[in-house]
Amino acid sequence: MTLSRARRAAWPGRLARILVVAIPLGFLAVAFLYPLSSILLTGLSGEAGALGPFGEVFGKASLRSVAWFTLWQAVVSTILTVVVAMPAAYVFARYDFPGRSLLRAAVTIPFVLPTLVVGSAFLALLGPRGALGIDLSSTIWAILLAHVFYNYAVVVRTVGGLWAHLDPRLTEAARVLGAGRWRAFRTVSLPLLRPAIAAAASIIFLFTFTSFGVILVLGNLEFRTIEVEIWRQTMSFLNLPVAAALSVLQLVAVSLILLAYSRYQQRRAVEQRLAPATARKPQTAREWWMVGGTLTFTALFLGTPLLLLVERSLQVGEGWSTAAYTSLTDTSDSLFVPATEAIANSIGFGLVAMIIALVVGILAATVIAYRQGPVSQWFDLLLMLPLGTSAVTIGFGFLVAFDSPIDLRTSPFLIPLAHSLIAIPFVVRTVVPVMQAIRRRLREAARVLGASPFRAWREIDLPLIARSGLVAAGFAFAISLGEFGATAFLVRPERPTMPIAIFRLLGRPGELNFGRAMALSTILMVLTAASIMIIERFRLGETGEF
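The structure reproduced in this document is the subject of the present report. In this text the structure is predicted, and so the values were computed from the model without any measurement. (Residues numbered from 1 in each chain as written. Predicted model: local features only at pLDDT ≥ 70, side-chain atom pairs only at ≥ 80, totals over all residues. Heavy atoms only, no water.)

## Thoughts on a nonpolar patch on the surface
So, step 1. Together, Trp68, Leu71, Val75, Ile79 and Val83 give the surface a local cluster of nonpolar side chains, amounting to about 500 Å² of exposed area.
So, step 2. Within the secondary structure layout, leucine 71 lies in helix H3 (residues 61-94).
So, step 3. Looking at leucine 71, the relative accessible area reads 37%, which means it is partly exposed. (Patch = residues over 30% accessible without salt bridge, like charges linked within 9 Å, V, L, I, M, F, W, Y side chains within 5 Å. Areas by Shrake-Rupley, 256 points an atom, 1.4 Å probe, with all protein chains shown as cover. Salt bridge = Lys/Arg side-chain N within 4 Å of Asp/Glu carboxyl O. Helix = DSSP H or I, 4+ residues; strand = E, 2+ residues; numbered from the N terminus. Buried < 20%, exposed > 50% of the residue type's maximum accessible area, 1.4 Å probe, protein only.)

The following block contains the structure:
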């Protein structure tokens, strides 16, 4: 073969490698970096001068109080969640009991529920028509309880995942030497668990710092986070410069939080020998009481709001009725379309977002997993940036960026595009560990036997990646179904999604409208729960970070 023929033969491989890098980079440049830069330009181009909007944010007492509330409620929510969920993390990590796998999957369901559904569930429990008979809506207590409910699984899975692999002989040795249970936990287990607790706390803080749906439903605009204020400044006052300044300040705050967490992990990281999972059956009456009590509390705390959601959807008027469900096809209300069309819209947007997230995410994961050195590290960092950016900021960025030279703000394609941007980090974090676990020697052996790079990937990698790809697809679909923050900026009145329809129905008077909101919330809960159950069905053990 001549040199020129060899070069021509190598072109398809080179082109494929270029596309694998170029497609994710191009997507991030258009869908993430361009909108963010547009927000920054909007914030610097107010009528009061380049820094006028920032001066207005710092100068107004009402906006400063929004920032202060955002910070302290996130701190309190994080501490409460870690304290409340630690016993369940211990029980699921250390004990084996009937139905453990199913219950562990069920604990995850609140975390994947749309925040708007979580808000609706607590409204059914603690609202004006609440089952407990006390109205805690528009109070901080309802918000804190909803945040603990939503993030409970983060502690159970993150801390419990490490706890299950700590060698139990370490604490047993401390007990033999005379330490009590609390002292053995404080001096032996707790130091080893600190990295996982810090990881869980950082995730919870991030989610509560950027809380939107829960605050909007339960805070009733009396309590506002920066996210809610960005939405309010945009949709109610059309004050885009101040909304942009708030978005920039929130992005800086989130980046500092992520940086602080990264430095903490670097300083506190310790190598430790992890044992195989050591869950055992409870042996004494005390252990059975502890396991039973923890599981009962978990079932009541997580299950009650969700069951009430279903109960309220079936209780319209004096007795039980399916009127709330049957009226979802009603075309005469001011939702502009039947609520059933919102279900179809959500499923359609979810499928499109899932496909985009899978294509871009798997290509990006390929670069991260198969390339070494700075390219892989920078690619990984760049892809994680959307995870640290709030959905409201992404939606607002789309709104200010895609108005010229062609006004695309009314295009329905922007909604699945925004959803996929939020889902891509989850796809990458699900697929990369599987790709990195595949032995390189298998590919090299296939190449030695004459297989092309594509055929080696198709025959060896693809069958293993396909299963984690299904898990990632489930995540992407569930995320899209419940996404509310970005959609609130981009949706058209005649094409609502389920979360948007729920929010509109909750804002209207009448018992039937409340029942319809509960019915839609129940349908959304069932769809997301089905997605998480499918994810658990195809998950490869603990492989994948989510």
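From this point, the narrative continues.
## A short note on the nonpolar core
So, step 1. In terms of nonpolar packing, the biggest core is built from 166 residues, with Val155, Val159, Trp163, Leu218, Phe398 and Leu520 touching the most fellow members.
So, step 2. In contact with leucine 520, other than residues within four places in its own chain, are Leu328, Ala339, Ile343, Met498, Ala501, Ile502 and Leu505. (Core = buried A, V, L, I, M, F, W, Y, C linked by side-chain atoms within 4.5 Å. Contact = heavy atoms within 4.5 Å.)

## Structural notes on the environment of valine 76
So, step 1. Tracing the backbone through its elements, the reader meets valine 76 in helix H3.
So, step 2. Note on valine 76: relative accessible area 30%, which makes it partly exposed.
So, step 3. For the pair valine 76 and threonine 208, spaced 132 residues apart in sequence, the C-alpha separation works out to 9.6 Å.

## Topic: a positive patch on the surface
So, step 1. Together, Arg14, Arg17, Arg371 and Arg447 give the surface a local cluster of positive charge.
So, step 2. Positionally, arginine 17 belongs in helix H1 (residues 3-44).
So, step 3. Note on arginine 17: relative accessible area 48%, which makes it partly exposed. (Lys, Arg positive; Asp, Glu negative; His and termini not counted. Charge placed at Lys NZ, Arg CZ, Asp CG, Glu CD.)

## Thoughts on the pattern of salt bridges
So, step 1. Summed over all chains, the structure comprises six salt bridges.
So, step 2. Note that arginine 224 and glutamate 229 form a salt bridge whose closest N and O atoms lie 2.6 Å from each other.
So, step 3. Within the structure, one salt-bridge network assembled from shared partners comprises Arg224, Glu229 and Arg232.

## Comments concerning the side chain of histidine 419
So, step 1. Mapped onto the fold, histidine 419 is located in helix H17 (residues 414-437).
So, step 2. Overall, histidine 419 belongs to the buried group, its relative accessible area being 1%.
So, step 3. When near neighbours in sequence (up to four residues on either side) are disregarded, histidine 419 contacts Ala353, Ser480, Glu483 and Thr487.

## Quick notes on H3
So, step 1. Counted at 1.5 Å a residue, the expected span for H3 with its 34 residues is 50 Å, and the 49 Å between its end C-alpha atoms agrees.
So, step 2. At alanine 85, H3 shows its maximal kink, close to 40 degrees; a proline, proline 87, follows between one and four residues later. (Expected span 1.5 Å × (residues − 1). Bend = angle between axes of the 7 residues up to and from the residue.)

## A closer look at the packing of aromatic side chains
Two descriptors summarise a pair of aromatic rings, namely the distance from one centre to the other and the angle between the planes of the rings.
So, step 1. In the structure shown here, the tally under the stated rule is 22 aromatic pairs.
So, step 2. Look at phenylalanine 149 and phenylalanine 301: their rings are 6.4 Å apart centre to centre, the planes differ by 70 degrees, and that puts the pair in the edge-to-face class. Within this pair, whereas phenylalanine 149 is found in helix H6 (residues 140-163), its partner phenylalanine 301 is found in helix H12 (residues 285-313), the two being separated by 152 residues in sequence. The residues phenylalanine 149 and phenylalanine 301 share a single accessibility class, namely buried.
So, step 3. By way of ring pairs, the aromatic residues Tyr90, Tyr95, Trp163, Trp182 and Phe185 are connected into one cluster. (Phe/Tyr/Trp six-rings, centres within 6.5 Å; stacked < 30°, edge-to-face > 60°.)

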